[in-house]
Each structure stands twice: as C-alpha cells, then as structure tokens.
Amino acid sequence: MKKEIQVWNYAEEILSNLQKGVLLTTKAGEKVNTMTISWGTLGIEWAKPIFTVFVRENRYTKQLLDQNPEFTISIPYGEYDKKILGICGTKSGKDTDKFKEANLTLEQPMAISVPAIRELPLTLECRIIYKQSQDAKEITPENNQRFYPQNVDGSFHGANKDYHTAYYGEIVAAYIIE
C-alpha cells in the first residue's frame, strides 16, 4: 500500500537523508538499475515541484536515463539496512544485480514506468523535463580540483574526470510505501 504525501511536508526528511545517501532508480526496456546519490536539489521551477539529480557522464545510470526520461528517488524512512547504500554506491549495475545483492524489493510505480524500492519507502516519482551537461569552464577552480581530479585510481569506472549531467525531474507522484 502507498500513502500519498505532500512533498513539502517531507522536505526536511528528504534533504537530510540526501546528505547521507538516497537511491536513484532508472529503467530502460526491461533493465532496471539503481545507484546511491548524495547530490540533488528539491525545489520549484516552471511552477512545478522538481527534484534535480546529477549523474556523471560515464555512469550506467546515465545511459538508462537518456533512454527513458523517468526516475524514482527512494529515501530512507525509519529503520533500514545501511549496507544498501554501500552496495548501490560502489558497484555498477552494468556488471552487478544490485537488487539481488542488496536484497531490494521492487514496487509498482503510481505514475511512471520506473519502480520504487520497498526498503527505502519515501518515494518520489519523477519525469525529466530538462537536462543539461555541466560546463567545466563555469565550475570554480576549487570545485573543479576537488570534485573532478584527473585519473583518480579507485573509481570502479576508472578515471573520474568526467563531469555531471543535471536531470530536472518534475515530481509527478510522492508517497510512502507501507
């Protein structure tokens, strides 16, 4: 069962959990993928509630977002297994079934094609209404050096000099899975 919510009544919950990590889930065809994110914004643009996510150019999630302009954000609400965020933030869905490894249960969405995740029940269903790649020249030197160093070892995708694409998702449904 899903209890529909008013997003603004849960803004503090959403943003405080975002700092620790939430799941961004995508789907293209029959392939579903999720990844941990801690960069995002909640706001209003074009008179619509928006959740904006930032996805690196080389991520498998970006490939799926570019095929299907919908995503869900799954946010911890109450007790949850902290390993979920670790697994989903360190493995690529291209090579790993993160849902199986993290024991995640997919839930039928209300308004889009991308499922929600039962274990992180506060859910935002989003439809992309705008996207833009970052312009490296417009990022401050401090942030460029800190967040986009060249050829850093340890990234499971290799070098991480790649920048992000911002996906502005209109929130078309919001609920808590009960």
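Thresholds applied
- Residues numbered from 1 in each chain as written.
- Predicted model: local features only at pLDDT ≥ 70, side-chain atom pairs only at ≥ 80, totals over all residues.
- Heavy atoms only, no water.
- Helix = DSSP H or I, 4+ residues; strand = E, 2+ residues; numbered from the N terminus.
- Buried < 20%, exposed > 50% of the residue type's maximum accessible area, 1.4 Å probe, protein only.
- Arc of directions from axis to C-beta.
- Contact = heavy atoms within 4.5 Å.
- pLDDT = per-residue confidence, 0-100.
- Pairing = 2+ DSSP bridges.
- Phe/Tyr/Trp six-rings, centres within 6.5 Å; stacked < 30°, edge-to-face > 60°.
- Lys NZ or Arg CZ within 6 Å of the ring centre and 35° of its normal.

A. Geometry of unusual backbone geometry. The phi angle at Trp46 is positive, at roughly 55°, despite the residue not being glycine. Looking at the element boundaries, Trp46 is found in the loop between strand 4 (40-45) and strand 5 (48-56). One non-glycine residue, Asn103, lies in positive phi territory at about 55°. Mapping Asn103 onto the fold places it in the loop between helix 4 (98-101) and strand 7 (106-107). Among the residues examined, Asn103 registers a relative accessible area of 60% and is labelled exposed.

B. Fine view of helix 1 (residues 11-20). Of the residues making up helix 1, those classed as buried are Ala11, Ile14, Asn17 and Leu18. With its buried residues spanning 145° around the axis, helix 1 presents them on a single face. Across helix 1 from its buried face, at more than 90 degrees, point the exposed residues Glu12, Gln19 and Lys20. Close packing links the buried residues of helix 1 with strand 2 (22-28), strand 3 (31-37), strand 4, strand 5, strand 6 (70-75) and strand 9 (122-133).

C. Region of interest: the confidence of the model for the protein chain. With 93% of its residues at a pLDDT of 70 or more, the protein chain shows a mean pLDDT of 90. Confidence, expressed as mean pLDDT per element, reaches its minimum in the protein chain at helix 5 (residues 141-147) with 84 and its maximum at strand 6 with 98. Confidence over residues 152-159 falls short of pLDDT 50; this stretch has 14 contacts with residues more than four positions distant or in other chains.

D. Geometry of the pairing of strand 9. In this sheet, strand 9 lies alongside strand 6 in antiparallel orientation, the contact comprising six bridges. Note on strand 9: the bridge partner recorded for Ile75 is Leu122.

E. Molecular detail of the pairing of strand 10 (residues 164-177). The element strand 10 is extensively covered by neighbouring structure, given that 12 of its 14 residues are classed as buried. When strand 1 (residues 2-4) meets strand 10, the two strands line up antiparallel, connected through three bridges. Each residue of the ladder has a partner; that of Glu4, found in strand 10, is Tyr175. Note: strand 5 against strand 10, seven bridges, orientation antiparallel. The residue bridging Phe51 from the neighbouring strand is Gly169, located in strand 10. Where strand 9 and strand 10 come together, 11 bridges link them in antiparallel fashion. The residue of strand 10 that forms the bridge with Leu122 is Ile176.

F. Just the packing of aromatic side chains, in detail. With the rule as written, the count across this model stands at five aromatic pairs. For the pair Trp46 and Tyr168, a centre-to-centre distance of 6.4 Å together with 50° between the ring planes defines the contact as tilted. Residue Trp46 is found in the loop between strand 4 and strand 5, and its partner Tyr168 is found in strand 10; the two are separated by 122 residues along the sequence. For Trp46, a relative accessible area of 48% corresponds to the partly exposed category. Seen from their ring centres, Tyr130 and Tyr168 are 5.1 Å apart, and the 80° between their planes marks the pair as edge-to-face. Of this pair, Tyr130 sits in strand 9 while Tyr168 sits in strand 10; the two residues are 38 residues apart in sequence, bridging distant segments of the chain. Note on Tyr130: relative accessible area 33%, which makes it partly exposed. Here the aromatic cluster, defined as three or more aromatic residues joined through ring pairs, consists of Trp46, Tyr130 and Tyr168. Here the guanidinium or amino end of Lys82 rests over the ring plane of Tyr80, the centre of that ring lying 4.5 Å away.

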